[in-house]
Structures are given as C-alpha cells and as structure tokens.
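# Remarks on the overall topology
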Amino acid sequence: MRGKMLWAAAIIAGVICAACFLYWDRNILLGKEEKALAWEQEAENRRLFPHPDSTWYDMELTLDAASGIIYGHTFLTTRNTSGKALKELWFTAYPNAFKDKKRTPAPREAYYAGFDEGWLKVEKIRVNGITSVFVEKDVNILVILLEEMQEGEDIKIEMEWKAKVPKASYRYGYKEGVFMLSYFYPMLNVLSEKGWHKGANYPWGEPFCLPTANYRVKITVPAPYEVVATGKEIGTIMRKGQNKEYHLEGRNIRDFCLAALVGYQKIEGRNRIADIKVWAPKERAFWAKEVLTEASSILLFYSAVFCSYPYDDFKIVFVPMQGFEGMEYSGLIFLQERFLQPGFADNKKAVFILAHEIAHQWWYNLVGNDQMAEPWLDEGLADFSAYKYMTGVRGEKALDRLQGTVNLGKGLKDMASRKDYYQTAYYGGEAFFAGLEEMLGEEMVYNILRSYLAHYKYDIASREDLFYIIEMESGKKLDAYFASWFKE
Ligand SMILES: [Zn+2]
C-alpha cells in the first residue's frame, strides 16, 4: 500500500513537473514569437535614408597624378525615404579634414615631405535640375533645398567637385606612386529618427555613419597607374594621351574606395566563395601568397558561421599607410605594407589584423552602424570574430582579455586618446561578446549574430537593435549585463 502511494505521488509530481516545464518552455517560445512580430511591426515604420534600393552614385573621375587632384562629376539619384519632408541635405567631405596643419587627422610622421594640404571643393550643385545653395561646414556640406522634397519623391543631385590628395602616407593620401583614396568624394549622410549623422574630424577611428548604395564609376588615370577599387571592373580602355579609363560597378556598397598604384603586382587565387586578389609592391609580391592563403581560410570561416560573403571578389592592397594597421572598405581592405614579410602566417599579430579587417565585411559593411557614435559595435565584433578565427581555426591559445568592463557608451568625441579608443571599442567591444558567449554558449552567440545580419543587412543598426536581437534569440532578460557595460 505504502509502495503504491509513493508510486502515485511520484507520477503526479512527474506530471506537474512536465506541465510546468512545457508551460515555461512555451512561454519562452511565445516571448520569442511575440518579439519577432513586434520587430516586424517596428521595421515597417522604420525609415532609412538614403535607402540602398533607390540610391545610385554615377561618378566620372579624372586623376591628375602630377597635381594630386581628382576632378569629379557625381550624378546621384535617390528617393526621399526618410518619412518626412526634406528641407536640406548633408554630405560628408572628408578631404576637408586635411586643410589645416593643426587639425589634420594624419599623424605628423605621415607627412614625409612636410605638411601638404588636402581638400574637397564643390563647384556646383543642382538638385532636380535647379542650382542649389550650399555651405561648407567643417567636413560637411549643407545643401539647402529651394523646394521641400516630400516622402517618396525622387531626388537627382548633380555635383561638380574636385579633391586635392595630400602628400601623406595616410588612408587619404599619396606616397611614391600610391594614391590611397578613402572617403574622397562627397558622400550623402544618413538621416535617421535621431537626425542627420554628419561626418566629423577625429584623429582615430572612422568618424562616419555610412549608408549602403550602388555605384557606377568611370575613372581616368595616367597609363602607368593601375586602379584597384570597390566593386567589379567592367572594362578598361586606353585613351589617347597615355590615359587609361576604368569602368567599375558595385551594388550594395557601404563606401567606394580606390587605390591607384604604380609598380605593383597582383597575386590571385580562388576559393568556392570569391576570387581573392592581393596587390603588393613588385619586389615583395612573393610573400603575398601566404596572405592570400590565410585570407581564403578566413573568408571561408566567416561565411560558414555568419552568412555568405556578399561579393564576387575580395581585394587586399598593401599600402604605405600610417596611423592605421589596416582599413576596411566594401570588398576591399588596405593593410600596412610592413606586414608584407616572409612568414606572414607565423606572425600572429598580422594574421589577427587580417582577420579583423576581413570581419568588417560583415560588421560595418553588411550590418552598418554609426561608427562615430557607437564604434564598439563594428570594432568589437570584428575583434571578436578575429578571436574566434584565431582560436577555433588556427588553434591558437586564448588571448589576454580585458578584465572587468569599460563604458561602451563612449563615442569618438568622448575618447580621450587613441589608447582609450582601442581600450573601449576594440578590447571592450570584444569582451562584451566574449562575456555573452560565456553566458549563452558559442552556438547561441552565432545564432544571435546570424539573426543580427538577417534583420539589419544593408541597414544601420544601433545597440538597442543588437540588444533586442540578443534577448529575442536567447529568450533571456539581460538588462543587468547590458547595463554593466554602459555608464551614463
Ligand atoms: Zn576595425
């Protein structure tokens, strides 16, 4: 009798436990579904301007290598997708950061021939056929619209401009037959519910919030120069007078970067994801083969754990750049040429930087963010991804991690020094994701990142968006963890 009662009690307890478990599990699932639905509703009201589906840059460029001046004609078509009437447009004109010796972001040692100014001058702007008034404001250009542009209205902007490239070994600069042309053209800024995300001038980081757009570019350079750029090369034509004309096209591009090179050699390879091309100074090109092999392995890893790499080719250019060890652009990266040495694959630091820059193809390029206001979002993820590659694929020992937390709420304007910038955005950002992995496990963190990509591909995400995805995918409330990283 006693035995039977015990059995009955055990069965009842089991049924209650199972019911509780199912209820609890269902609750989590319901929470996830509801959250996904709420996200979709919010996404319908979400506005992004300029929008990648309706934004094309058609640019005709001529590089006068002797004077270091690029003559540009931009025909930009877009649509007012901001959800409100537009009275003005804001563009970033980054070359204007290099006008003044005291304010240039390039370090002093980059000016190998003494200070040399850089600038961007807009000569004429027409919006929908009407000549517009514009005002230069530091590294931005304000275009005042004579007529308000309503939601859904097409906008056609025509610009005549020229940009002077400084003699400086910098990401925007020229040295010994190498033009490094980052952010060299007038770039239409993002307008979100937070307002215009204008460009700025800081000596570290990327002081921009770049929207995704499509590009068709024709560039004429003196014949000895080879052009390496974002997007696909459609064709090249030799013109009279020893000039070469390149036709390039790229879709879903975060920003258009180009390099014009003399004395370089291209090393090519292919894996099942992309054509991989490395440009290296001729006399050191032999060592680039190892770089190509490593880049191929990194691209395969990220494509497997995050999502497919979005372009047909991936380009690496070794450049005489100071101030940055590497720089990321859509489908293209710059690396400091000092990394081009025998035994690249044994140089852990060089491989980590390569893995970091390639990871930006997912974090900054596919999922964009305001790199000035929230630099930790892309830098932290790029470092975390590189860390996963180093330990997971190469079997390296775990690297030293930042202990404790930092204030990830700091934007570039709040960073006291370059050290502060790295400590916050890179090491702090990486530690945020590592902490998440400790709590949720590797597979859940990958799920979260895949979901983040699926929801915000070609968009601009904020930390609130990321937190939403983390809680939605994990089914956990993580307010306390998030709060420990933000001291406001
Ligand atoms: Zn980075």
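Residues numbered from 1 in each chain as written. Predicted model: local features only at pLDDT ≥ 70, side-chain atom pairs only at ≥ 80, totals over all residues. Heavy atoms only, no water.

### Re unusual backbone geometry
So the rule is basically this: In this text, helices come from DSSP runs of H or I with a minimum length of four residues, and strands from runs of E with a minimum of two, each type numbered from the N-terminal end.
In the segment running from Phe49 into Pro50, the intervening peptide bond is cis, with an omega of -5°. Here Pro50 shows up in the loop between α1 (2-45) and β1 (56-64). With a phi angle near 40°, Glu176 is a residue other than glycine that sits in the positive phi range. Its place among the elements puts Glu176 in the loop between β9 (172-175) and β10 (178-181). Backbone geometry places Asn252, a non-glycine residue, at a positive phi of 55°. Mapped onto the secondary structure, Asn252 falls in strand β17 (residues 243-253).

### Description of the nonpolar core
Here is a general trend for soluble globular proteins: nonpolar side chains tend to be buried in one another's company. Condition: Remark: nonpolar core denotes a set of buried residues (Ala, Val, Leu, Ile, Met, Phe, Trp, Tyr, Cys) joined through side-chain atoms within 4.5 Å. Accessible area is worked out with a 1.4 Å probe on protein chains only. A residue is then buried under 20% of its type maximum, exposed over 50%, and partly exposed in between. Source of the domain bounds: an automatic or database domain assignment. Note on definitions: a residue-residue contact is assigned when non-hydrogen atoms from the two residues lie within 4.5 Å.
Trp161, Tyr302, Phe334, Trp362 and Phe432 are the most contacted members of the largest nonpolar core, which totals 163 residues. Residue contributions to this core reach at least three from each of two domains, namely domain 1 (56-262) and domain 2 (375-483). Ignoring sequence-local partners within four residues, the contact set of Tyr302 consists of Cys307, Ala355, Ile358, Ala359, Trp362, Ser385, Ala386 and Tyr389.

### Observations regarding the domain arrangement of the protein
To keep things clear, this is the line we draw: Summed over both partners, the accessible surface that disappears when two parts come together, traced with a 1.4 Å probe, is what is meant by buried area. The salt bridge criterion pairs a side-chain nitrogen of Lys or Arg with a carboxyl oxygen of Asp or Glu, the two atoms within 4 Å. Identification of polar contacts relies on pairs of N or O atoms within 3.5 Å, with a donor-acceptor requirement for protein atoms, meaning one able to donate a hydrogen and the other able to accept it, and with residues adjacent in sequence counted only if both atoms are side-chain atoms. All amino acids are sorted into three groups, where Ala, Val, Leu, Ile, Met, Phe, Trp, Tyr, Cys and Pro are nonpolar, Asp, Glu, Lys and Arg are charged, and the leftover types, Gly among them, are polar.
Segmentation of the protein into domains returns domain 1 (56-262) and domain 2 (375-483). For domain 1 versus domain 2, the separation of C-alpha centres amounts to 31 Å. Each partner contributes to the interface: domain 1 provides 13 residues, whereas domain 2 provides 13 residues. Buried area between domain 1 and domain 2, summed over both chains or domains, comes out near 1000 Å², and the portion from carbon and sulfur atoms is 61%. Linking domain 1 to domain 2 there are 0 salt bridges. Taken together, the connections running from domain 1 to domain 2 amount to 2 residue pairs in polar contact (both at pLDDT 80 or more). Its residues placed into classes, the side of domain 1 that touches domain 2 shows 7 nonpolar, 3 polar and 3 charged.

### As for the packing of helix α6 (residues 442-456) against helix α7 (residues 463-474)
Rule in force here: Lines are fitted to the C-alpha atoms to define the axes, a helix being fitted only along its stretch in contact, and any angle between axes, read from their N-to-C directions, falls within 0 to 180 degrees. By definition in this entry, angles of less than 35 degrees are roughly parallel, angles greater than 145 are roughly antiparallel, angles of 65 to 115 are roughly perpendicular, and the rest are oblique. A clockwise turn of the near helix away from the far one marks a right-handed crossing, whereas an anticlockwise turn of less than a right angle marks a left-handed crossing.
Contact geometry for α6 and α7: axes closest at 9 Å, N-to-C directions at 130°. Relative to α7, the element α6 lies oblique. By crossing handedness, the relation of α6 to α7 is classed as right-handed. On α7, the residues that touch Met444, Asn447, Ile448, Ser451, Tyr452, His455 and Tyr456 of α6 are Asp465, Leu466, Ile469, Ile470, Met472, Glu473 and Ser474. Across the contact of α6 with α7, the residue classes tally to 8 nonpolar, 4 polar and 2 charged.

### Focus: the coordination of the zinc ion
Rules: Donor selection uses N, O and S atoms within 2.8 Å of the metal (3.2 Å for Na, K and Ca). Since no water is included, sites may look incomplete.
At the metal site, the zinc ion is ligated by His356 (NE2), His360 (NE2) and Glu379 (OE), and these contacts range over 2.0 to 2.1 Å. For the zinc ion, the donor residues sit on a single chain with the sequence spacing H-x3-H-x18-E. Placement of His360 in the loop between α3 (348-359) and α4 (375-392) and of Glu379 in helix α4 is noted, with a sequence separation of 19 residues between them.

### Things to note about the UniProt feature "binding site: Zn(2+)" (unreviewed entry) in the protein
The test is simple: UniProt positions are given in the numbering used here, feature names are shortened, and annotations may be inferred rather than shown by experiment.
Here, UniProt's "binding site: Zn(2+)" (unreviewed entry) annotation points to His356, His360 and Glu379. For the residues just named, distributed over 24 residues, the greatest C-alpha separation is only 8.3 Å, placing them together at one site. Mapping His356 onto the fold places it in helix α3. Note on His356: relative accessible area 4%, which makes it buried.

### Notes on α6
Our working rule: Here the expected length of a helix is defined as 1.5 Å per residue gap, with one fewer gap than residues.
With 15 residues, α6 should reach 21 Å at 1.5 Å per residue; the first-to-last C-alpha distance of 21 Å fits that figure. When α6 is considered as a whole, its buried residues turn out to be Val445, Tyr446, Ile448, Leu449, Ser451, Tyr452, Leu453 and Tyr456. Count one or two residues on from α6 and you reach Tyr458, which has phi positive near 65°.

### Quick look at the packing of aromatic side chains
Note the cut-off: Stacked, edge-to-face and tilted labels apply to pairs of Phe, Tyr and Trp rings (six-membered ring for Trp) whose centres lie within 6.5 Å, assigned for plane angles under 30 degrees, over 60, and everything in between, in that order. In this scheme, the term charge over a ring applies when either NZ of a lysine or CZ of an arginine sits within 6 Å of the ring centre and within 35 degrees of the ring normal.
Going through the model one piece at a time under the given rule, you end up with 47 aromatic pairs. Seen from their ring centres, Tyr94 and Tyr183 are 5.4 Å apart, and the 85° between their planes marks the pair as edge-to-face. With a gap of 89 residues between them, Tyr94 in the loop between β3 (86-92) and β4 (119-127) and Tyr183 in the loop between β10 and β11 (187-188) connect regions that are remote in the sequence. Across the pair, exposure class does not vary: Tyr94 and Tyr183 are buried alike. Considering the side-chain rings of Tyr422 and Tyr426, the 4.5 Å spacing of their centres and the 55° angle between planes classify their relative orientation as tilted. Placement of the pair is Tyr422 and Tyr426 together in helix α5 (residues 418-440), with a separation of 4 residues, close to one helical turn. Tyr422 sits in the partly exposed class, given a relative accessible area of 21%. Each residue in the set Phe301, Tyr302, Phe306, Tyr309, Tyr311, Phe314, Trp362, Trp363, Tyr389, Tyr446, Tyr452 and Tyr456 is aromatic and connected to the rest through ring pairs, giving one cluster. The positively charged end of Lys121 is found above the aromatic ring belonging to Trp119, 4.0 Å away from the centroid. Over the face of the ring belonging to Phe486 we find Arg463, whose NZ or CZ atom lies 4.0 Å from the ring centre.

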